[in-house]
Amino acid sequence: MLDLSHIPNSQQNIQIFYAIGGTIPFQTWNKPRKCSYVYIMCIGGAGGGAGGFNSISSVYAPGGAGAGISRALYNAQQLPDRLYVQVGLGGAGGGAGTAGQSGTRSWVSLQSVSPAVAQNMVLGSGAAAAGGGRVDGGNSGGETAIVQTSSTFLTLSNFIGTAGNTSVGSVSVGTPPNITPFTSQITSQGAGGGGGPSVNGGSILATSISPLIEGGAFTTVNSAIGGRGADGITSFKPFYSLGGAGGGNSSGTSGIGGNGGNGGIGCGGGAGGNGTTGGTGGRGGDGLVIIISF
């Protein structure tokens, strides 16, 4: 943002950084001239959904866990003229009977050195990455909230960190629970896949402001593929994001479970449904960094 005839521009400068490629490269933020404050929102990458089990009747496979979100407000003079941004990637979904991969965290730092250490970090999305859906019945923890000790520079800001949502596994239940969004975070975990015969994939339920992300339908037809879980979405006004839905069960002979849906930004991927061959889990949503100067 350049001054026109040296007249200060009071408008906000908004820069949005998305995930780029598999190596998680650094992106550069340059401080606009004449700004007084810098607000940063940092969202991590979410976990991928587990693959459905190679069994027409079993426990459900769980979706990936949700990412954390942190926000910080700095006096502009406390920051250098250039910052370096790494936006975390979502974890890949698991193949049949395989766990989903964990997401990676997002960073804003003073130097382009990875991983960011506490002395260089201006803000991070969380303290521990969001887990992928598990296949041992255990829960996958959401990205943990960032704390002041994670970054020396956080002592200079007004900040808040919130943890991502946990994905709940099962050791005895074939019907995955539907996910109610906005219970503790504006991102969500992914839904589980259909476990037992004639079981649909889990859905992300609609609220007053968000739509239904519907789980895949089951099938009992021989050699058929269960319904795919719907992909999650991201809304910027108002800002929220939803996870992927689970794939449907396929209980016919040689049936293939439905694939899980991909998660929205910072949201877990849905799990694959069970079948003679389990469906593939959906990919966890990538992270996001927004920097607003004014």
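Residues numbered from 1 in each chain as written. Predicted model: local features only at pLDDT ≥ 70, side-chain atom pairs only at ≥ 80, totals over all residues. Heavy atoms only, no water.

*Asks:* Describe the confidence of the model for the protein chain, naming the residues involved and giving the relevant values.
*Replies:* With 96% of its residues at a pLDDT of at least 70, the protein chain reaches an overall mean of 93. Predicted confidence for residues 1-9 stays below pLDDT 50, and this span has 9 contacts to residues more than four positions away or in other chains. (pLDDT = per-residue confidence, 0-100. Contact = heavy atoms within 4.5 Å.)

*Asks:* Describe the sheet that holds strand 2 (residues 27-30), with residues and values.
*Replies:* As summarised here, the arrangement of the 4 strands in space is 2-5-6-7, forming an open sheet in which the pairing is antiparallel. Lying at the two open borders of the sheet, with one neighbouring strand each, are strand 2 and strand 7 (121-124). On average, each strand axis in the sheet is tilted by 20 degrees relative to the strand beside it, whichever way the strands run. Where strand 2 and strand 5 (residues 82-86) come together, 4 bridges link them in antiparallel fashion. Among the inter-strand pairings, T28 is bridged to a residue of strand 5, identified as Y84. (Pairing = 2+ DSSP bridges. Helix = DSSP H or I, 4+ residues; strand = E, 2+ residues; numbered from the N terminus. Axes fitted to C-alpha atoms, helices over the stretch in contact; angles between N-to-C directions.)

*Asks:* How would you summarise the layout of surface pockets if you had to cite specific residues and measurements?
*Replies:* If you add up the space inside the largest pocket, you get close to 200 Å³. Around the largest pocket sit I14, I16, Y39, M41, I186, F236, F239, I290 and I292, which together line it. Taken together, the residues that form the lining of the largest pocket break down as 9 nonpolar, no polar and no charged. (1 Å grid on protein atoms, 1.4 Å probe; cavity = no way out; pocket = protein on both sides within 12 Å on 5 of 7 lines; lining within 4 Å. Points joined across faces, edges and corners; volume = space filled by probe spheres on them. Nonpolar A, V, L, I, M, F, W, Y, C, P; charged D, E, K, R; others polar.)

*Asks:* Give a detailed account of the state of the cysteines, specifying residues and quantitative values.
*Replies:* Counted by the stated rule, this structure contains 0 disulfides. Looking at C35, it has no disulfide partner, and the nearest cysteine sulfur is the one in C42, 18 Å off. There is no disulfide at C42, and the cysteine sulfur nearest it, in C267, is 15 Å away. (Disulfide = S-S within 2.5 Å.)

*Asks:* Residue-level account of unusual backbone geometry, with values.
*Replies:* For the peptide bond that leads from K237 to P238, omega is -5 degrees, which places it in the cis range. By the element assignment, P238 lies in the loop between strand 9 (234-236) and strand 10 (239-241). A positive phi angle is found at S254, which is not glycine, with a value near 60 degrees. Mapped onto the elements, S254 comes out in the loop between strand 10 and strand 11 (288-293). Under the relative-accessibility criterion, S254 is labelled partly exposed at 43%. (Buried < 20%, exposed > 50% of the residue type's maximum accessible area, 1.4 Å probe, protein only.)

*Asks:* Describe a nonpolar patch on the surface, with residues and values.
*Replies:* Residues I14, I16, Y18 and F236 make up a contiguous nonpolar surface patch of about 370 Å² in total accessible area. Sort the elements by how many residues they give to the nonpolar patch and strand 1 (residues 13-18) lands first, with 3 residues. Assignment of secondary structure puts F236 in strand 9. Look at F236 and you get partly exposed, because its relative accessible area is 38%. (Patch = residues over 30% accessible without salt bridge, like charges linked within 9 Å, V, L, I, M, F, W, Y side chains within 5 Å. Areas by Shrake-Rupley, 256 points an atom, 1.4 Å probe, with all protein chains shown as cover. Salt bridge = Lys/Arg side-chain N within 4 Å of Asp/Glu carboxyl O.)

*Asks:* Could you give an account of the environment of I290, with specific residues and numbers?
*Replies:* Topologically, I290 is positioned in strand 11. In this structure I290 comes out as buried when scored by relative accessible area, which is 10%. Considered as a pair, I290 and N200 are 90 residues apart in the sequence and their alpha carbons are 37 Å apart. When near neighbours in sequence (up to four residues on either side) are disregarded, I290 contacts I14, Q15, I16, Y39, I40 and M41.

*Asks:* Give a description of the packing of aromatic side chains that names residues and reports values.
*Replies:* Under the criterion given, the structure shown has 4 aromatic pairs. Between the aromatic rings of F236 and F239, the centroid separation amounts to 5.5 Å while the plane-to-plane angle is 75 degrees, which identifies the pairing as edge-to-face. (Phe/Tyr/Trp six-rings, centres within 6.5 Å; stacked < 30°, edge-to-face > 60°.)

*Asks:* Give a description of the environment of G196 that names residues and reports values.
*Replies:* Tracing the backbone shows G196 in the loop between strand 8 (158-162) and strand 9. When the C-alpha atoms of G196 and Y60 are compared, they prove to be 7.4 Å apart, with 136 residues separating the residues in sequence.

*Asks:* Before we move on, can you summarise the sheet that holds strand 3 (residues 37-43) with the specific residues and values?
*Replies:* The antiparallel open sheet is built from 5 strands, whose spatial order is 1-11-3-4-8. Every interior strand has two partners, whereas the edge strands, strand 1 and strand 8, have only one. For this sheet, the mean angle separating the axes of adjacent strands, direction not counted, is 10 degrees. Pairing geometry for strand 1 and strand 11, over 6 bridges, is antiparallel.

*Asks:* Quick rundown of the pattern of salt bridges? Include the residues and the values.
*Replies:* Applying the stated criterion to the full structure yields 4 salt bridges. Here R228 ties to D231 by a salt bridge, and the two come within 3.0 Å at their closest N and O atoms. On the basis of relative accessibility, which here comes to 36%, the residue D231 falls in the partly exposed class.

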